[in-house]
Amino acid sequence: MASSTLTGLLKKVAGEFPSRRAVSVSGQFDLTHARLQELIDQAASQLVASGVKPGDVVALTFPNTIEFVILFLAVIRIRATAAPLNAAYTSDEFQFYLSDSGSKLLLTSQEGNKPAQSAASVLNIPHITASLPQPASDVTLSSTRPESNPDSLSRLVNDPADVALFLHTSGTTSRPKGVPLTQLNLSSSVQNIKSVYKLTESDSTVIVLPLFHVHGLLAGLLSSLVAGAAVTLPSAGRFSASTFWSDMNAFSATWYTAVPTIHQIILDRHLNNPEPVYPKLRFIRSCSASLAPVILERLEEAFGAPVLEAYAMTEAAHLMTSNPLPEDGPHKAGSVGKPVGQEMAILDENGVEQECGKSGEVCIRGPNVTAGYKNNPEANKAAFRFGWFHTGDLGFLDSDRYLQLVGRIKELINRGGEKISPIEVDAVLLSHPDIAQAVCFGVPDDKFGEEINCAIIPREGSNIDEAEVLRFCKKNLAAFKVPKKVFITDSLPKTATGKIQRRFVAEHFLAQISTAKVPKFGA
């Protein structure tokens, strides 16, 4: 069934709206839905000729470019699995993600990515570059065998059960977990997004979020394409506050979706350097972290559009709940809205469903939800209990079934929508020869919602300072995972059983943040 696969939905749209704009690269060119489909099929044939087989995992690391859009959709067209990766990772991080996903091929832009290529080389993974010089030309892959058989593509029919997307989500007590998402998961999710926001072929948006992340990929790009709508990619390949509104105006944007950090940047620019004219927006969407009510109000006031907060996670192929459009129901301040396209329950620790207004763990099930983490039976046992997927978040449903999030069970640090596993950062810190103990923790931050801090105990005789810790982190971690502040101490608070609890560490160092000297702990 076409509606059960993302590939089928996109083919259907190309038939319905062949001449409508699908993707634009700002200041360069536009592609129609029909032309986009042609380029996807052409790139897919080249991938088959390069030896990619159904079930193979193909890693992609690109800026937000047209090449990424085409290659991502080409990979899943041939029943392979696309694994988008953050281009800012270090070589060691790339090595972990390439290895853990079982990637058989690395795809990059023509410029390449040295840390990714270095990691792929260590793992003996071939590397291919892709380029699309202009819309009239075809996508060029650097090492396609010329004997490509166009008939081979027609024999590859996508199945709802095909694993199309593989992403990692950070755990709180373990390494990042691999999340396989099927064609059915993706098609269900994009249809949920399209439905709740009433996206149609008349809509247009500018992509501000990285497409290696489920928010930008599913909510920004894929749900737009499935609706027959249009997306614009900034010419720089990433969000730029200085070009955002000119692109929004030039392409008659009707909405955009972003994390709170970017909303704040957009708002600050408006307040300091307002545009002469703004497009008429149907709505503004906020997701991936909590949006402060004062920012929501200022956004609505500044841009004359309702701001709809949503709640999402990778394991649900993004969307779980959203506040509705004004014509479909009220927007409740502080709420992340109502469940969209899936069942939701608030369960206690015994799996008993809680009544309205009573807090418990937020649990979901539906066709958009992953069937389980890859090769991680322990994580699956914890996350899939009583017939539900457990989000690790605490919340309650009100009498109108709007969800209010209360707090987090997990210790995950949510920095502006980027989820950081403190265990992962601890491990990097502890690999420094002069660090004996290390613990990372989240602290409140006005800009990002949460920031990462860490406390370290140096090895005896070491003179390690904050500058050296930060230099080491910058070398071995992506920039968003680097602690903002380092506390150097000779002891860490422990529980009666000798365990270090991040919450206690965070509370202690937050209390000391304004003092120059960190006190010692008693025995």
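Residues numbered from 1 in each chain as written. Predicted model: local features only at pLDDT ≥ 70, side-chain atom pairs only at ≥ 80, totals over all residues. Heavy atoms only, no water.

**A short note on the overall build of the chain**
Summing up its helical and strand segments, the chain has 15 helices and 26 strands in all. Taken against the 2.2 N^0.38 rule, which gives 24 Å for 523 residues, the C-alpha radius of gyration of the chain at 23 Å falls within 12% of a compact globule. Across its three principal directions, the C-alpha atoms of the chain cover 75 × 55 × 50 Å. Within the chain, the proportion of its 523 residues that are buried is 58%. Pairs at least 24 apart in sequence give 67% of the contacts found in the chain among residues at least 6 apart. With the model as given, the accessible surface of the chain reaches about 21400 Å², and the carbon-plus-sulfur share is 52%. Each charge class in the chain was averaged separately, 48 positive and 52 negative side chains, and the resulting centres sit 3 Å apart. (Helix = DSSP H or I, 4+ residues; strand = E, 2+ residues; numbered from the N terminus. Rg over C-alpha atoms; globule rule 2.2 N^0.38 Å. Buried < 20%, exposed > 50% of the residue type's maximum accessible area, 1.4 Å probe, protein only. Contact = heavy atoms within 4.5 Å. Areas by Shrake-Rupley, 256 points an atom, 1.4 Å probe, with all protein chains shown as cover. Lys, Arg positive; Asp, Glu negative; His and termini not counted. Charge placed at Lys NZ, Arg CZ, Asp CG, Glu CD.)

**With respect to the packing of aromatic side chains**
This model, assessed by the stated rule, comprises 18 aromatic pairs. When the ring of F487 is compared with that of F509, the centres are 4.7 Å apart and the planes differ by 25°; the resulting orientation is stacked. Highlighted residues: F487 in strand 26 (residues 485-488) and F509 in helix 15 (residues 502-511), separated in sequence by 22 residues. Look at F487 and you get buried, because its relative accessible area is 4%. Cation over ring: K332 sits above Y402, and NZ or CZ is 4.6 Å from the ring centre. Positioned over the ring face of F448 is R415, at 3.7 Å from the centre of the ring. (Phe/Tyr/Trp six-rings, centres within 6.5 Å; stacked < 30°, edge-to-face > 60°. Lys NZ or Arg CZ within 6 Å of the ring centre and 35° of its normal.)

**Details of the environment of S99**
If you trace the backbone, S99 turns up in helix 4 (residues 91-101). Considered as a pair, S99 and I125 are 26 residues apart in the sequence and their alpha carbons are 9.5 Å apart.

**Considerations on helix 10 (residues 260-272)**
End to end, helix 10 covers 18 Å across 13 residues, agreeing with the expected 18 Å (1.5 Å per residue, within 8%). Here helix 10 has its buried residues at P260, T261, I262, H263, I266, L267 and H270. Packed against the buried residues of helix 10 are helix 9 (241-250), strand 12 (255-258), strand 13 (283-286) and helix 11 (293-303). (Expected span 1.5 Å × (residues − 1).)

**What to know about unusual backbone geometry**
With the exception of glycine, most residues fall at negative phi, and the peptide bonds are largely trans. Residue K198 is not a glycine yet carries a positive backbone phi of 50°. Note that K198 resides in the loop between helix 7 (183-196) and strand 10 (204-206). Overall, the relative accessible area of 38% leaves K198 in the partly exposed class. Positive phi is not limited to glycine here, since N375 has a value of about 50°. Note on placement: N375 falls in the loop between strand 18 (360-365) and helix 12 (377-383). Judged by its relative accessible area of 65%, N375 is exposed.

**Thoughts on the nonpolar core**
L47, I70, F72, L73 and L107 are the most contacted members of the largest nonpolar core, which has 91 residues in total. Ranked by size, the runner-up nonpolar core spans 32 residues in total, among them Y97, V428, A438 and C454. (Core = buried A, V, L, I, M, F, W, Y, C linked by side-chain atoms within 4.5 Å.)

**Focus: the pattern of salt bridges**
Counted according to the given criterion, the structure contains 18 salt bridges. The partner of K332 in a salt bridge is D398, with the nearest N and O atoms 2.8 Å apart. Linking K332 in the loop between strand 15 (318-322) and strand 16 (338-339) with D398 in the loop between strand 20 (388-397) and strand 21 (403-408), this pair joins segments that are 66 residues apart in sequence. As far as burial versus exposure is concerned, K332 and D398 are alike and both buried. For R385, the salt bridge identified is with E361, shortest N-O distance 3.9 Å. Residue R385 is found in strand 19 (residues 384-385), and its partner E361 is found in strand 18; the two are separated by 24 residues along the sequence. Residue classification places E361 among the buried positions, given a relative accessible area of 14%. Residues joined in a network through salt bridges with shared partners are K11, D41 and R77. (Salt bridge = Lys/Arg side-chain N within 4 Å of Asp/Glu carboxyl O.)

**Side note on the sheet that holds strand 16**
An order of 12-13-14-15-16 is seen for the five strands of this open sheet, with the pairing classed as mixed. Of all strands in the sheet, those bounded by a partner on one side alone are strand 12 and strand 16. Pairing of strand 12 with strand 13 involves four bridges; the strand directions are parallel. Counted as the bridge partner of T257 is R285 from strand 13. Its contacts with the sheet put helix 8 (residues 214-226) on strand 12, strand 13 and strand 15, and the angle it makes with strand 12 is roughly 160°. (Pairing = 2+ DSSP bridges. Axes fitted to C-alpha atoms, helices over the stretch in contact; angles between N-to-C directions.)

**Side note on the packing of helix 9 against helix 10**
Running from N to C, helix 9 and helix 10 cross one another at 85°; their axes reach a closest spacing of 10 Å. The orientation of helix 9 with respect to helix 10, classified from their angle, is roughly perpendicular. Note on element contacts: helix 10 touches helix 9 through I265, I266 and R269, opposite A241, S242, F244 and W245. Each residue belonging to the contact of helix 9 with helix 10 can be placed in one class, and the counts come to five nonpolar, one polar and one charged. (Parallel < 35°, antiparallel > 145°, perpendicular 65-115°, else oblique. Nonpolar A, V, L, I, M, F, W, Y, C, P; charged D, E, K, R; others polar.)

**Some remarks on the pairing of strand 1 (residues 21-25)**
Counting buried positions along strand 1 gives four out of five residues, so the element sits mostly inside the fold. Relative to strand 2 (residues 29-32), strand 1 runs antiparallel, the two being bridged by four bridges. Directly across from V23, in strand 2, lies its bridge partner L31. What sits between the antiparallel neighbours strand 1 and strand 2 is a turn of three residues, in which G27 has the positive phi angle 75°. Pairing of strand 1 with strand 11 (residues 230-233), which is carried by three bridges, proceeds in the parallel orientation. Its bridge partner being in strand 11, V23 is matched across the sheet by V231.

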